Amino acid sequence: MRAAKLLLMAGWAWPITNTIATKLSAVKLPQLGADVLPCKLKADQDVYLSAGFGYEFNCAPSVGTLNAFMIFVDFSDQSANESSPESLYDFFLPAAAEWYSTASYGALHLSVAADISRFYRMPATAISYNWERGLTAEAHEHYIQDALAVYNATIPNVDVLYIVPTANATAITYSPTFVGNVTTRDGTYVAKKSVTFGYDAYRTWGSLVLNHETGHTMCLPDYYPYNGSATGLFIGGWDLMGLISGPSPDYFVWDKWRLGWLADSQIDCVAGLGQTSHVLSPVESTGGKKAVVVKHNDTDVLVMEVRSSKGLDRESCATGVLLYTVSTVTETGEGPVRVLNVTPRSGGCAGDELNDATLTLDGVNSYVVSDWGVEITLVAKDGEDYELMVTVA
């Protein structure tokens, strides 16, 4: 019987920063949009990986346990010299699973079983798979089905199949996600999605590439541009669905809400004219209000959230209130989320102009989104909690 390694994260509860006791007393103003439903914009099913709620594409689960299976492959022209695939399993896990436990506040547990008995030799050379940007879905599926054919064994009932090449396989250059149903060549169903790792994991991204690509299995879009522009064009380094190595990789509150990691009661929805007051706690801490969402129309919202330098964002080079827009009719790679640069000409930090685009009491403390008729003003700060005033005209 083949050796297998099972890492079960379901019982782990990794602590993050405790919620700061809120001492701020928000000004008593009419609270518009107490019902969050108007702000839960529906996904456009005709838009690939739409950033709205309820996108239907056989997505992997984002709450509870996401079950995955990992197999390891090598090639005749780029063979493995690792003593065991276990070293590559350990390269990704448990770090990637801990990341999800923290980001989801314990709502998502990644369970990864793996066959670490050996590397399975692929039937073609690594170079012949033509692994480059522009890889077609058909070519990608061919690679996956080759791996399943050489594995030639029953795979447990899982949500995601991970295929990991030897670190010597430099021709398998990057790590895409196959978002269609995964089947063998004879049509046997295997998994909802598959992630095929590449040399970029070992060279650049580390275990975080598993979190980025597994985000796609849960139907999250890419936030970096597909047109060849700078990776941080739309969001800087604020979410690892953009720049994986960015200084502030924790997911946006909008996506945490969509994924079921936050309760409706943790979101303030503003869906009408007037002035409202809000107190927000950092994304990286448990509990408290996490965002103000201003509805612009049926496809666009403005989101305000607080970022600190704790937890997954411990390398952040700026903290404060982050503003961004969300469009449910903009496809992946085209900027469905766009961070607003509230500190233009600052020079940014950590290599991107948008990485310091936060409102702070000791810096830029108010911002007007003129096209939307929205003004955001910081009022007070207690610890890392912010009180802010939102005016919609």
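Everything here concerns the structure above.
Summarised in this report is the structure supplied together with it. (Residues numbered from 1 in each chain as written. Predicted model: local features only at pLDDT ≥ 70, side-chain atom pairs only at ≥ 80, totals over all residues. Heavy atoms only, no water.)

1. Side note on the pairing of strand E9 (residues 193-196)
Then, in step 1: Residue alternation in E9 divides its side chains into two sets, Lys193 and Val195 and Ser194 and Thr196, and both sets are buried.
Then, in step 2: As defined by bridge partners, strand E5 (residues 160-165) adjoins E9 across 4 bridges and the pair is classed as parallel. Bridge pairing in E9 links Leu161 to Ser194.
Then, in step 3: Taken together, the 2 bridges between strand E6 (residues 177-178) and E9 define a ladder with antiparallel strand orientation. Across the sheet, Phe178 pairs through a bridge with Ser194, a residue of E9. (Buried < 20%, exposed > 50% of the residue type's maximum accessible area, 1.4 Å probe, protein only. Helix = DSSP H or I, 4+ residues; strand = E, 2+ residues; numbered from the N terminus. Pairing = 2+ DSSP bridges.)

2. Examining helix H5 (residues 208-217)
Then, in step 1: With respect to burial, H5 is a largely interior element, 9 of its 10 residues being buried.
Then, in step 2: Every buried residue belonging to H5 is among Val209, Leu210, Asn211, His212, Glu213, Thr214, Gly215, His216 and Thr217, and all of these are buried.
Then, in step 3: Residue Cys219 follows H5 closely and has a positive phi angle near 75 degrees.

3. Describing the sheet that holds strand E17 (residues 366-369)
Then, in step 1: The sheet built from 4 strands is open, its strands ordered E11-E19-E18-E17 with antiparallel pairing. Only two strands of the sheet have a single partner each, and these edge strands are strand E11 (274-280) and E17. Going across the sheet, the axis of each strand differs from the next one's by a mean of 20 degrees, ignoring polarity.
Then, in step 2: Looking at chain direction, strand E18 (residues 374-382) and strand E19 (residues 385-392) are connected through 8 bridges and run antiparallel. Note on E19: the bridge partner recorded for Ile376 is Val390. (Axes fitted to C-alpha atoms, helices over the stretch in contact; angles between N-to-C directions.)

4. Regarding the environment of Tyr143
Then, in step 1: Take Tyr143: it is sitting in helix H3 (residues 137-151).
Then, in step 2: Given the relative accessible area of 0%, Tyr143 is considered buried.
Then, in step 3: Residues Tyr143 and Val190 lie 47 residues apart in sequence; the distance between their C-alpha atoms is 15 Å.
Then, in step 4: Not counting the four nearest positions on each side in its chain, Tyr143 is found in contact with Val73, Phe75, Met122, Tyr129, Trp131, Ile163, Pro165, Ile172 and Thr196. (Contact = heavy atoms within 4.5 Å.)

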